[in-house]
Amino acid sequence: MDLAQLTSDLNALRDRASSAAVSAPDTAALDVIELDVLGKKGELTAILRGIGALPAEDRPRVGAIANEVRIAVEAAIGLARAQLGSAELATRLTAETVDVTTPGRPIRRGSLHPIVETARKIADVFAQFGFVVYEGPEVEDDVTNFQMLNIPPDHPARDLWDTLYLDMEGRLLRTHTSPGQIRVMHQERPPIRALLPGRCFRYEAVDASHASEFFQVEGLMIDEGTSMADLKGLLDQFAHAMFGAGRATRFRPGYYPFTEPSVAFDILCVICNGEKCPACSRTGWMTILGAGMVHPVVLRYGGIDPERYQGFAFGMGVERIANLRHAVGDLRQYMEDDLRFLGAFR
Ligand SMILES: [Zn+2]
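None of the values given here were measured: they were computed from a predicted structure.

(A) Representation of unusual backbone geometry in the model. Here Pro190 and Pro191 are connected by a cis peptide whose omega angle stands at 0°. Here the residue pair Glu260 and Pro261 is connected by a cis peptide bond, since its omega of -5° sits within 30 degrees of zero. By secondary structure assignment, the location of Pro261 is in strand E7 (residues 259–268). With a phi close to 50°, Asn273 is a non-glycine residue in the positive phi region. Phi is positive for Ala327, close to 55°, though the residue is something other than glycine. Among the structural elements, Ala327 can be located in the loop between helix H10 (318–326) and helix H11 (339–342).

Right, here's the structure in full:
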């Protein structure tokens, strides 16, 4: 290998590589050319291996030519890469056009369960009158669930509740939210304005109007001089907020062991407005909750002096209120997790 031969090989390589770069169809082809010519195992390297056979004085000259060839080939590839790159980018931009005016995919929105929604609405109304939400345990004891509410073990009122007992020590699933009254009285000093929403349990034969699991909201107010008039005024405001301003209401005598006197609170039938229809059993009225003045015995169990303080309590079924608001006929639907039903409340 002599100087002339090496120089000629280098120039030939430069011309071949440069024209290959110019005619390369895409940047991937350029990568191949770059590797084949300039890579570690490329042609340029292979030619330069012949330098060792040259006389020492010729080597710098070949090195300089080799360097020029490298620069020329790199420049040719670089230029071709820039041209092909922008062409490829233009092609991609055309192919992958995004139409920013296309409507987006709708986000599936959930909604609150109608029972939760109704319980919150109830709490919102009473919150305006200073009632604060408390929570009691779902597993209660016999003493708090019954005895402290003036329902002793042999009291006939226990027939009202078919209770789910958990053990022989008297632990049970609470049959109503009323034991929360006792817990609040033990926890707070008057004045008390408490709202106790929660899940209750009774041993029931389940049908359209009976469930073994249901929700109640209990209210309790205790202060000096609290009267039935306060109770009536508050419940009127509640009825108007839930069922429309001006909705007529009435008290009827009722019975609960833990209130005295006790009342049922009725609103004018929301279906027939008093014209008497099957929904109101042809009375023109619908009972939405029970209430009364807290029995002095219960106040005493709660550690509150009935000579000084008076109080009232009320309790309602959340399903009952939800039924009337949304015209739902069958209680079981609330517990069935049927999205066709639940989605209707969005
Ligand atoms: Zn009616």
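There is more to say after this.
(B) Molecular detail of H10. Looking only at H10, the buried set comprises Val318, Glu319, Ile321, Ala322 and Asn323. Check the buried side of H10 and you find it contacts helix H5 (114–127), strand E5 (213–223), helix H8 (228–243), strand E8 (285–294) and strand E9 (310–317). At the exit of H10 stands Ala327, carrying a positive phi of roughly 55°.

(C) Structural view of helix H1 (residues 3–23). Taking 1.5 Å as the rise per residue, H1 with 21 residues should run 30 Å; its terminal C-alpha atoms sit 30 Å apart, in good agreement. Those residues of H1 not exposed but buried are Leu6, Leu10, Leu13, Arg14, Ala17 and Ala21. Each buried residue of H1 sits inside an arc of 100° when the element is viewed along its axis, so together they form one side. Pointing more than 90 degrees away from the buried face of H1 are the exposed residues Ala4, Gln5, Ser8, Ser19, Val22 and Ser23. Where H1 is buried, its residues touch helix H2 (27–38), helix H3 (43–48) and helix H4 (59–95).

(D) Geometry of the sheet that holds E8. Spatially, seven strands are ordered E1-E4-E5-E9-E8-E7-E6 in an open sheet, and the strand pairing comes out mixed. Because the sheet does not close on itself, it has two edges, and the strands there are strand E1 (132–133) and strand E6 (249–256). Relative to E5, strand E4 (residues 192–201) is paired through 10 bridges, and the arrangement is antiparallel. In the strand pairing of E5, Phe201 is matched with Glu213. Helix H7 (residues 179–187) contacts E4, E5 and E9 of the sheet and is inclined by roughly 40° relative to E5.

(E) Structural detail: the packing of H1 against H2. Between H1 and H2, whose axes approach to 10 Å, the crossing angle comes to 165°. As the angle between them shows, H1 and H2 are arranged roughly antiparallel. Pair H1 / H2 crosses with left-handed handedness. On H2, the residues that touch Leu13, Ala17, Ala20 and Ala21 of H1 are Leu30, Ile33 and Val37.

Cut-offs and rules
Residues numbered from 1 in each chain as written. Predicted model: local features only at pLDDT ≥ 70, side-chain atom pairs only at ≥ 80, totals over all residues. Helix = DSSP H or I, 4+ residues; strand = E, 2+ residues; numbered from the N terminus. Buried ≥ 20, exposed ≤ 12 C-beta atoms within 10 Å, placed from the backbone. Contact = placed C-beta atoms within 7 Å. Expected span 1.5 Å × (residues − 1). Arc of directions from axis to C-beta. Pairing = 2+ DSSP bridges. Axes fitted to C-alpha atoms, helices over the stretch in contact; angles between N-to-C directions. Parallel < 35°, antiparallel > 145°, perpendicular 65-115°, else oblique. Left-handed = near helix turned anticlockwise from the far one by under 90°.

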